[in-house]
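Each chain is listed here by its residues.
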Amino acid sequence: MTIKWTLLLVLSICAGGLLITLLVLSLLRRRGGGSTSQSGLILTPSGKGFKGLGSLLLQSYRLGMKVPLLSSYILQVQKHISFRHVGDEPSLRRMTMTVVLIILGGYGGISVILFLLQPGIAFVILSVLCAVVLNSLVLDMCLSRMEKRLLVQMLDLFADVRHRYHQHGMVEEALYEAAEAGTGEAAEQVRLIYEALTSPDPNEALERYYEVAPNRFLKGFAGISYMVMEFGDKDRAQGSIYLKGLGNLTQEIHLEILRRDKLDYLLKGLNIIALAPVLFTAPIERWARVSFPTMDEFYRSKIGFVTKISIYVIIILAYLLLQRLQQYDETRYRSGHKHSWLDQLLYKQTFIRKLAMLFAAKPGSTQYSQTIRLMRESSSELKYEWLAIRRVMLFAGCLVLTMGCILLLHQVERNHILYDPIRDDRMFGAMAEADLRKAEEKTALDQSVLESVEMNRGATYEDISKALQQLSPVQLDHDTQTETIARIMQKLEVYNKQYVRWWEMIIAILMGIAGYYIPVWLMLFQRKMRSMDMRHEIYQFQTVISILREMDRMSVEEILEWLNRFAVIFKRPLQKCLLHFEHGPEHALEQLKEEAGLPEFQRLVDKLQLALGKISIREAFDDLESMMAFYFEQRKQEYSKMIDVKASWGRTIGFTPMYALIFLYLVIPLVGMSFLQMNIYYEQIQKL
């Protein structure tokens, strides 16, 4: 049995295992009579069917954890899911194994199709690509469903909290009863908030909860509940402050759900359309070679190889851009250090660290100050030294990768010269078996002659003629010999030109420089996209202030302390302001305005400056409701514009790989080869 059929057998077994697993899950679901669970992928009803399904998944989890590489992958998937899932450990393990089985089974099925279409090295490359894409696609789909389900559950739960608060007038009682009566992740989150609020140290417990809260709405809900428990509710003409805060949060959640639904509808299926050309590259190439034999010259050449690589790059870039467009939170920033083990390992290497700092901007220079400011404004948690090391390593990586591709292209051209059959200049119809055999004989003769002269650049006409007479199996006439020698000399000339040229070195250096600046460009992009999250946080600040301004004996410093508890993006400026507040409130607030930079936040700080002694806090924020209403309508318009822009870009990006495959890989080469053939025919006609 050949290697090809052995691999095909293994992949078929994987696909069959996936099919059997899905059938078993379907049968157990029907027997259990279940409904959809929290994860969106697992069925969690009661019954013997669910018990059998849960036992199967838990057993698969235990077996998978015994396999070295598979165990690491399972833990990675579990880490992604546990961030947005609160529940018992068995439920989390069942959910994790469901996602893992779907990814592995889907990868096995796709690998069988790819192996049948493109066996060889192309199969290995595309298999790695499909593994990365499928993993990202399934995880994103799972997490998106979990987030949306949590938002929907929160609406019902907030309504229940509002009802029970009307009954008891106590926040803790309302939270406890709503959590006990509710089901799903939202009830688990409210139970965690209740435990934090009733703990001996609520401040510390809330800080821990803020670090793991799945979204900003739950953070705001926890903070509002604690403030009302701490200071008491105030009945105003418009109603309860606590219920007013719940209403604002509910309004925000409705807006978020509508945005997600519309974006999902407009971008539905574009990922599949962008990835589909991966499966059609080989069939199109095979059809073109059979129907138009001269296209074989294009696909075997350096330009054909570059075109194929370019199409794969376009597919990858299109998929990555679509993934970026389909993200709901533009930055999803969280406080805390996010350092990889690779950064730490490279930082410990003295030579690499010194080399990186040699090229980095020196402290005290303008470029150093600009980089530090950019890191702060983009919420980067990297050290400056780690950033410098990362930039140098990206420069070296891009330079080496580009040089490797250049050398590979030259080697492809050498193989094309030496081994590809010499075809007749015909456009339509496949080459006959006899003609193909003659072409291969010519190629073998040319190769033997080239090897006899050792690919010497200085080989003369006489040297090639002498070698040809010795190696030719038959006696050639004068015209055939002259034509053969000319063809071999042309091959020798082209072969000896396959070396790295100066402009190719410049391209490699430019690619390395581009890699060096990639971290800076990403931080610039992150800073631009962070503006939406900043507005989200300011609206949350306004909700907090709308409650705090009604409290008796509330000071500006206490308001800043509460804002610091809720802050994520503005946390560092607020902490710095609190540290300098005792030495001069006016100066501390002015410094806070300078570091923030966002006009909406600066206007909020202006009102805090007025409340330092000139007027009361309630008077300083007397127009807060109108400001919140304006900002809410403004963000609705921004969401609408953003969705339209994303939909337009999504359609363009999603269909770009298909257009590139059709035009770059088939139409344009076919037209180009047609013109070349027409020129050859025209020259032959002139010689008649």
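Residues numbered from 1 in each chain as written. Predicted model: local features only at pLDDT ≥ 70, side-chain atom pairs only at ≥ 80, totals over all residues. Heavy atoms only, no water.

Focus: the overall build of the protein chain
Next, step 1: Across its full length, the protein chain carries 29 helices and 2 strands.
Next, step 2: Here the analysis covers contacts within the protein chain between residues at least 6 apart in sequence; of these, 73% occur between residues at least 24 apart.
Next, step 3: Looking at the protein chain as shown, the accessible area adds up to about 36400 Å², and 62% of this sits on carbon and sulfur atoms. (Helix = DSSP H or I, 4+ residues; strand = E, 2+ residues; numbered from the N terminus. Contact = heavy atoms within 4.5 Å. Areas by Shrake-Rupley, 256 points an atom, 1.4 Å probe, with all protein chains shown as cover.)

Looking at the environment of A186
Next, step 1: For A186, the location among the structural elements is in helix α7 (residues 185-197).
Next, step 2: The class of A186 is buried, set by a relative accessible area of 2%.
Next, step 3: A186 sits 32 residues away from L218 along the chain, and the two C-alpha atoms are 9.1 Å apart.
Next, step 4: Beyond its immediate sequence surroundings of up to four residues, A186 is in contact with L150, Q153, M154 and L157. (Buried < 20%, exposed > 50% of the residue type's maximum accessible area, 1.4 Å probe, protein only.)

Points about the pattern of salt bridges
Next, step 1: Scanning the model with the defined rule gives 20 salt bridges in all.
Next, step 2: For E625, the salt bridge is made with R549, and the minimal N-O distance between the two is 2.3 Å. Taken as a pair, E625 in helix α29 (residues 624-687) and R549 in the loop between α23 (531-548) and α24 (556-566) lie far apart in primary sequence, 76 residues in all.
Next, step 3: Judged by its relative accessible area of 32%, E625 falls in the partly exposed class.
Next, step 4: A relative accessible area of 6% places R549 in the buried class.
Next, step 5: In this structure, the salt-bridge partner of K593 is D606, at a minimum N-O distance of 2.6 Å. In this pair, K593 is assigned in helix α26 (residues 585-596) and D606 in helix α27 (residues 599-610), connecting sequence segments 13 residues apart.
Next, step 6: Given the relative accessible area of 16%, K593 is considered buried. (Salt bridge = Lys/Arg side-chain N within 4 Å of Asp/Glu carboxyl O.)

Focus: helix α9 (residues 216-231)
Next, step 1: In this model α9 runs 22 Å from its N-terminal to its C-terminal C-alpha over 16 residues, within 8% of the 22 Å that 1.5 Å per residue would give.
Next, step 2: Of all 16 residues making up α9, 12 are buried, and the element is well covered by its neighbours.
Next, step 3: Among all positions of α9, only F217, L218, K219, G220, F221, A222, G223, I224, S225, Y226, M227 and V228 are buried.
Next, step 4: Here α9 starts with a cap whose side-chain oxygen sits 3.2 Å from the backbone nitrogen of F217, and that cap is N215.
Next, step 5: Positive phi shows up at G232, right after α9, with a value of about 90°. (Expected span 1.5 Å × (residues − 1). Polar contact = N/O pair within 3.5 Å; in protein donor to acceptor, adjacent residues only side chain to side chain.)

What to know about the nonpolar core
Next, step 1: In terms of nonpolar packing, the biggest core is built from 82 residues, with F221, Y242, L560, F570 and F601 touching the most fellow members.
Next, step 2: Those residues within four positions of F221 in sequence are excluded, and the remaining contacts are F158, V161, L175, V190, I193, Y242, L246 and L249.
Next, step 3: In terms of nonpolar packing, the next biggest core, distinct from the first, is built from 20 residues, V278, F298, Y319 and L661 among them. (Core = buried A, V, L, I, M, F, W, Y, C linked by side-chain atoms within 4.5 Å.)

Re the packing of helix α19 (residues 433-452) against helix α21 (residues 478-496)
Next, step 1: As a packed pair, α19 and α21 sit with axes 10 Å apart at the nearest point and diverge in direction by 60°. α19 and α21 meet at a crossing whose hand is right-handed. Across from K442, D446, V449 and L450 in α19, the residues of α21 making contact are T484, R487, I488, K491 and L492.
Next, step 2: Of the residues assigned to the contact of α19 with α21, the class counts are 4 nonpolar, 1 polar and 4 charged. (Axes fitted to C-alpha atoms, helices over the stretch in contact; angles between N-to-C directions. Left-handed = near helix turned anticlockwise from the far one by under 90°. Nonpolar A, V, L, I, M, F, W, Y, C, P; charged D, E, K, R; others polar.)

Considering helix α8 (residues 202-212)
Next, step 1: Of all the residues in α8, the buried ones are P202, A205, L206, Y209 and Y210. Down the axis of α8, the smallest arc covering the buried residues is 140°, so these residues share one side.
Next, step 2: Turning to α8, the residues buried within the fold contact α7, α9 and α24. (Arc of directions from axis to C-beta.)

Brief notes about unusual backbone geometry
Next, step 1: Phi is positive for E454, which is not a glycine, with a value near 60°.
Next, step 2: Note on placement: E454 falls in the loop between α19 and α20 (461-471).
Next, step 3: The residue M455 is not glycine, and still its phi comes out positive at about 55°.
Next, step 4: Mapping M455 onto the fold places it in the loop between α19 and α20.

Remarks on the packing of aromatic side chains
For any pair of aromatic rings, geometry is given as the distance between the ring centres together with the angle between the planes.
Next, step 1: Overall, the coordinates contain 13 aromatic pairs when judged by the stated rule.
Next, step 2: Ring centres of Y226 and W562 lie 5.5 Å apart, and the angle between their planes is 40°; this geometry places the pair in the tilted category. Of this pair, Y226 sits in helix α9 while W562 sits in helix α24; the two residues are 336 residues apart in sequence, bridging distant segments of the chain. Take Y226 and W562: they sit in the same class, and that class is buried.
Next, step 3: Measuring from centroid to centroid gives 4.9 Å for Y299 and Y665, while their planes differ by 50°, and the two rings are tilted. Here Y299, found in helix α13 (residues 295-300), pairs with Y665, found in helix α29; they are 366 residues apart in sequence, far enough to count as distant. Considered together, Y299 and Y665 belong to a single accessibility category, that of buried residues.
Next, step 4: In this structure an aromatic cluster arises from ring pairing among F298, Y299 and Y665.
Next, step 5: Over the aromatic face of Y517 sits the side chain of R391, whose NZ or CZ is 5.1 Å from the ring centroid.
Next, step 6: Sitting above the plane of the Y499 ring, R501 keeps its charged end 5.1 Å from the centroid. (Phe/Tyr/Trp six-rings, centres within 6.5 Å; stacked < 30°, edge-to-face > 60°. Lys NZ or Arg CZ within 6 Å of the ring centre and 35° of its normal.)

Remarks on the side chain of Q542
Next, step 1: Here Q542 shows up in helix α23.
Next, step 2: Take Q542: its relative accessible area is 2%, and that puts it in the buried class.
Next, step 3: The contacts of Q542, once residues within four sequence positions are left out, are L604, L624, M627, M628 and Y631.

Comments concerning the environment of E285
Next, step 1: By the element assignment, E285 lies in helix α12 (residues 277-291).
Next, step 2: The buried category is assigned to E285, whose relative accessible area is 12%.
Next, step 3: Taking the C-alpha atoms as reference points, E285 and Y665, 380 residues apart in sequence, are found 8.0 Å from one another.
Next, step 4: In this structure E285 touches Y299, K308 and Y665, once residues within four positions along its chain are discounted.

Overview of the confidence of the model for the protein chain
Next, step 1: The share of residues in the protein chain with pLDDT of 70 or more is 85%, and the mean pLDDT across the chain is 79.
Next, step 2: Across residues 31-50, where pLDDT falls below 50, the model places 47 contacts with residues more than four positions away in sequence or in other chains.
Next, step 3: Scored below 50 in pLDDT, residues 330-337 shows 30 contacts in the model against residues more than four places distant or in partner chains. (pLDDT = per-residue confidence, 0-100.)

Here we look at the packing of helix α6 (residues 171-181) against α9
Next, step 1: Where α6 meets α9, the axes come as close as 9 Å, and the angle between the chain directions of the two elements is 140°. Taken together, the axes of α6 and α9 are oblique relative to one another. Each of V171, E172 and L175 in α6 lies in contact with α9, whose residues at this interface are F221, S225, V228 and M229.
Next, step 2: Split into classes, the residues belonging to the contact of α6 with α9 amount to 5 nonpolar, 1 polar and 1 charged. (Parallel < 35°, antiparallel > 145°, perpendicular 65-115°, else oblique.)

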